[in-house]
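# What the coordinates show
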Amino acid sequence: MNTRIVEPTPEIITLLAKHLHEGGLVAVPAETVYGLAAHGLDADACGRIFAAKQRPADDPLILHVATTPQARSLTRWNDAAEILAERFWPGPLTLVLPKDHAVPDIATSGLPSVAVRSPQHPVFRSLLETSGLPLAAPSANPFGYISPTTAAHVLQGLDGRIPYILDGGPCPIGIESTILDLRDPAAPKLLRPGAITAEDIAEVLGTPPLIGYQSPADRRLAPGLQHKHYSPRTPLVMVASPPAALAKDEAYVHFTPLAALDYPANNCRALSLDGNGEEAAQKLFATLRELDQAKLATIYIENPPPQLKWREAIFDRLSRAAVKSNAR
Ligand code: TXA
Ligand code: MG
């Protein structure tokens, strides 16, 4: 199969909407990361997502919708969902709710609940609006690898496995959506941290959500999140302070300014220098991918500092991708 990167002209959007109605796959830009989209109510189309990504069947998909009424029709909606959607949609917040029977079991890995979100990216929205479909879309990468934040990243991972990549430029946020479990609206549970933080949610609901992603037992609440994830092939080691020395085939990724150190030129990457979590998140996956391609022995990465904005979300991605070390 030939994979084409296409620009989001009105003609292309119409063509891709038709392709989705026929059960095909399209990689699409979201404000978070690129997604691999298919008709969310078509079990065969959803099956093609799992096949293209080589994703395990026990890792459920997120259904993307254009509007809140569409989300209501796919779920058993509740008041907490209503006020959160009103405040944060369209945007990087995914809500887990009891599912309607129209949602195929393959999309939810057989669970009686479904994850829904209304994305903000204008290109994704135009495809949702033109097709009129709920679109199932996990991140558009081979399972377990670093999530894609440009069309070129999608091509690197899925060339020959999907027909179309819709190019919307680099993803502005750069990390996946926050996932909030609202099956019990009286006890909302954060399953994956993201750009919408626990504090943002607490402000709207009046009480903070339970934090459901910290222990391995908690992680089982969010099927799929217990898998190793976001991982470069190069060993990634999280460190509390800069390594004393850096070999030619080692890199150091940092969030705080470096004192003058005798490191080889070109082996350091700053994700932010002033605690700017937005900038760090936006660069995170592209930086890891670039360094992974350099075939290094080790990538060291600074433990994100406490004052970094979106620290929980960035730390979550790194801790799933990295081994921790106290040795250096
Ligand atoms: O930002 C994002 O969320 C991106 C873009 C494309 O929207 N999508 C994304 O999808 O990150 P993915 O497949 O990487 O993450 C889906 C995760 C699953 O691994 C699982 O943890 C959670 O969503 N999930 C989906 N359905 C669920 C359910 N019924 N109950 C609990 N967790 C669920
Ligand atoms: Mg993913």
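Residues numbered from 1 in each chain as written. Chains lettered and ligands numbered in written order. Predicted model: local features only at pLDDT ≥ 70, side-chain atom pairs only at ≥ 80, totals over all residues.

## Remarks on the domain arrangement of the protein chain
- Along its sequence, the protein chain is carved into domain 1 (4-219) and domain 2 (236-324).
- A separation of 27 Å is found between the C-alpha centroids of domain 1 and domain 2.
- Counting residues at the interface gives 15 residues for domain 1 and 14 residues for domain 2. (Domains from an automatic or database assignment. Contact = placed C-beta atoms within 7 Å.)

## Remarks on the environment of Ala-17
- Counting through the fold element by element, Ala-17 comes out in helix H1 (residues 10-21).
- Residues Ala-17 and Phe-143, 126 residues apart in the sequence, show an inter-C-alpha distance of 25 Å.
- Excluding its chain neighbours within four sequence positions, the residues that come into contact with Ala-17 are Leu-127, Thr-130 and Ser-131. (Helix = DSSP H or I, 4+ residues; strand = E, 2+ residues; numbered from the N terminus.)

## Examining the sheet that holds strand E3 (residues 34-39)
- Read across the open sheet, the 11 strands follow the order E1-E8-E2-E3-E7-E4-E6-E5-E9-E10-E11; overall the sheet is mixed. A strand with exactly one partner marks an edge of an open sheet, and here the two such strands are strand E1 (4-6) and strand E11 (210-211).
- Sitting on the sheet, helix H2 (residues 43-53) is in contact with E3 and strand E7 (135-136), with an inclination near 145° to E3. (Pairing = 2+ DSSP bridges. Axes fitted to C-alpha atoms, helices over the stretch in contact; angles between N-to-C directions.)

## Digging into unusual backbone geometry
- That bond from Trp-89 to Pro-90 is cis: its omega, -10°, falls within 30 degrees of zero.
- With a phi close to 55°, Ser-109 is a non-glycine residue in the positive phi region.
- Looking at the secondary structure, you find Ser-109 in the loop between strand E5 (93-98) and strand E6 (113-117).
- Although it is not a glycine, Trp-310 sits at a positive phi angle of roughly 60°.

## Some details on the environment of Leu-97
- One can find Leu-97 in strand E5.
- Its 23 C-beta neighbours within 10 Å are what place Leu-97 among the buried residues.
- Sequence separation between Leu-97 and Val-116 is 19 residues, and the spatial gap between their C-alpha atoms is 8.0 Å.
- With near-sequence residues (within four places) excluded, Leu-97 lies in contact with Thr-75, Arg-76, Trp-77, Ala-81, Ser-113, Val-114, Val-116, Leu-182 and Arg-183. (Buried ≥ 20, exposed ≤ 12 C-beta atoms within 10 Å, placed from the backbone.)

## Quick look at the UniProt feature "domain: YrdC-like" (unreviewed entry) in the protein chain
- Those residues carrying the UniProt feature "domain: YrdC-like" (unreviewed entry) are residues 10-196 in this numbering.
- Taken end to end, residues 10-196 comprises 31% helix and 20% strand; its first and last C-alpha atoms sit 31 Å apart. (UniProt positions renumbered as here; feature names shortened; annotations may be inferred.)

## Overview of the nonpolar core
- Of all hydrophobic cores here, the largest spans 93 residues; its most connected members are Ala-27, Val-28, Ala-37, Leu-63 and Ala-136.
- Among the elements that make up this core, the one with the highest residue count is helix H9 (residues 277-293) (seven residues).
- Looking at which domains feed residues into this core, each of domain 1 (4-219) and domain 2 (236-324) gives three or more. (Core = buried A, V, L, I, M, F, W, Y, C linked by C-beta atoms within 7 Å.)

## A closer look at the environment of Ile-162
- Among the structural elements, Ile-162 can be located in the loop between helix H6 (151-158) and strand E8 (164-166).
- Ile-162 sits in the buried class, given 25 other C-beta atoms within 10 Å.
- The spatial distance from the C-alpha of Ile-162 to the C-alpha of Arg-4 is 8.5 Å, given a sequence separation of 158 residues.
- Ile-162 has contacts with Thr-3, Leu-25, Ala-27, Leu-36 and Ala-52, leaving out every residue within four places of it along the chain.

## Brief notes about the pairing of E6
- Counting buried positions along E6 gives four out of five residues, so the element sits mostly inside the fold.
- Where strand E4 (residues 62-64) lies against E6, three bridges are found, and the strand directions are parallel. Following the sheet pairing, His-64 is matched in E6 by Arg-117.
- Sheet topology note: the E5/E6 ladder contains four bridges and is antiparallel. Following the sheet pairing, Pro-98 is matched in E6 by Ser-113.

## A few points about H2
- Here H2 has its buried residues at Ala-45, Cys-46, Ile-49, Phe-50, Ala-52 and Lys-53.
- For H2, the elements touching its buried residues are E3, E7 and H6.
- Just beyond H2, the residue with positive phi is Gln-54, at close to 55°.

## Points about the packing of H1 against helix H5 (residues 122-131)
- Close contact between H1 and H5 brings their axes to 9 Å; oriented N to C, the two are set at 60°. By the angle class used here, H1 and H5 are oblique. The two elements H1 and H5 cross, and the hand of that crossing is right-handed. Contacts between H1 and H5 pair Ile-13, Thr-14, Leu-16, Ala-17, Leu-20 and His-21 from the former with Ser-126, Leu-127, Thr-130 and Ser-131 from the latter. (Parallel < 35°, antiparallel > 145°, perpendicular 65-115°, else oblique. Left-handed = near helix turned anticlockwise from the far one by under 90°.)

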